[in-house]
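Below are the chains, spelled out letter by letter.
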Amino acid sequence: MNQLEELSSEFERELTRAMRGVDPAEGFADRVMARAQVNAKPRVRLFGMPLRARVWTSGAIAAALLTGIFIGEEIHLRHQREEAAQQQFELAMRITDRTLEHVQQQLWDAGVRLGN
Amino acid sequence: MAIADDEFRSLIEIHQRMVFSIALRVTGDPSTAEEVAQDVFLELHRSVERLANAEHIRFWLRRVAVHRSTDALRRRAHRPEFAAEEWEEQHSLEDDAPISSINLQARLDELLRALPEPMRVVVVLRYQEEMLPDEIARMLGKSVASVKSHLHHGLKLLRRKAAVTMKEYVREPA
């Protein structure tokens, strides 16, 4: 090791000794704890919950979603059935109208007059 | 809360010296260092459940302390009074005043403040935290060569400044 390296190592050792840790002013932990408690607002945070609460909350959300999907599907089916019934009714009415017109025409041709 | 109060307090008590020292030596200002150190622990409070073990927490605290300290330094737009090269040009060893008896410990913070930020961070991590250059490079996301270069120049500058201001380390080879 040459003289320059030796001096550098000596200086580095001094530096390491001089750079020892410094404590913050007394009560640092209390000050941080106080700020942490102010910042910890009661919010619904799924990922901050304990495992049991997370499981229950996830289950409740899943159940609500499934119920919603089921009810939505039921409403949709009922609506489809109502539309189909309406279409069938309209078709039946058109057939009836045409039949009545036909009968009326035949009677007219046969010279039968029904009232006024 | 993500962590029990007593566990969190215990983490603060274990690591407060390390976090505060990094913040103090990088920012060069005790009140800024206190603020930075508090912010680092509050960030830990929010993130602790993602950290796997004690070693991970220590590594995370060091890294966040360095980043928050350099952020604070940049916000303050603090710059060394002289550029490193300019300073070296202005002070030659030959025309120094008599050697001072003030020790390195007492003048350390003042000397560190005169280093440019990247050199200061690397010097603090190397000599305060006793990290190896490759560990520093990993933490800062820099190349090992860049860290070694900062260390080399930072150390040279510190020695030169110490020599000029303290006269305790002036023993250049002939």
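If you're wondering where the values come from, they're calculated on a predicted model, not measured in any experiment.

Rules used in this analysis
Residues numbered from 1 in each chain as written. Chains lettered and ligands numbered in written order. Predicted model: local features only at pLDDT ≥ 70, side-chain atom pairs only at ≥ 80, totals over all residues. Heavy atoms only, no water. pLDDT = per-residue confidence, 0-100. Contact = heavy atoms within 4.5 Å. Buried < 20%, exposed > 50% of the residue type's maximum accessible area, 1.4 Å probe, protein only. Helix = DSSP H or I, 4+ residues; strand = E, 2+ residues; numbered from the N terminus. Buried area = accessible area lost by both parts, 1.4 Å probe. Salt bridge = Lys/Arg side-chain N within 4 Å of Asp/Glu carboxyl O. Polar contact = N/O pair within 3.5 Å; in protein donor to acceptor, adjacent residues only side chain to side chain. Nonpolar A, V, L, I, M, F, W, Y, C, P; charged D, E, K, R; others polar.

### A few points about the confidence of the model for chain B
Parts of the prediction with low pLDDT should not have their coordinates interpreted in detail.
Residues and elements named next belong to chain B.
Item 1. Mean pLDDT over chain B stands at 81; residues scoring 70 or higher make up 77%.
Item 2. Here residues 87-102 is a poorly scored stretch, pLDDT under 50, and it has 30 contacts once near neighbours within four places are set aside; other chains count.
Item 3. Per the prediction output, this complex has pTM 0.61; the corresponding ipTM is 0.73.

### A few points about unusual backbone geometry
Item 1. Positive phi, normally seen in glycine, also occurs at Glu130 of chain B, with a value near 55 degrees.
Item 2. You can call Glu130 of chain B exposed: its relative accessible area is 55%.

### Section: the confidence of the model for chain A
Item 1. Predicted confidence across chain A gives a mean pLDDT of 81, with 83% of residues reaching 70 or more.
Item 2. Looking over chain A, one finds the lowest element-wise mean pLDDT in helix 1 (residues 3-18) of chain A, namely 73, and the highest in helix 2 (residues 28-39) of chain A, namely 91.

### Quick notes on the side chain of Arg25 of chain B
Item 1. Mapped onto the elements, Arg25 of chain B comes out in helix 1 (residues 5-27).
Item 2. Apart from residues lying up to four places away in sequence, Arg25 of chain B is in contact with Ala18, Met19, Arg20 and Val22 of chain A together with Leu108, Asp109, Leu112, Arg120, Val124 and Gln128 of chain B.

### Quick word on the interface of chain B and chain A
Item 1. Contacts between chain B and chain A engage 39 residues on the former and 32 residues on the latter.
Item 2. Both faces combined, the contact of chain B with chain A buries some 3,400 Å², and carbon together with sulfur accounts for 63% of it.
Item 3. The largest share of the area that chain B buries against chain A comes from Leu42, Tyr127 and Arg159 of chain B, three residues that together contribute 17% of it.
Item 4. Notably, a salt bridge pairs Arg35 of chain A with Asp39 of chain B, separated by 3.0 Å at the nearest N-O pair.
Item 5. For the pair chain B and chain A, the number of links is ten residue pairs in polar contact (both at pLDDT 80 or more).
Item 6. The element best represented in the side of chain B that touches chain A is helix 1 of chain B, accounting for eleven residues.
Item 7. Residues of the side of chain B that touches chain A, tallied by class, amount to 20 nonpolar, six polar and 13 charged.

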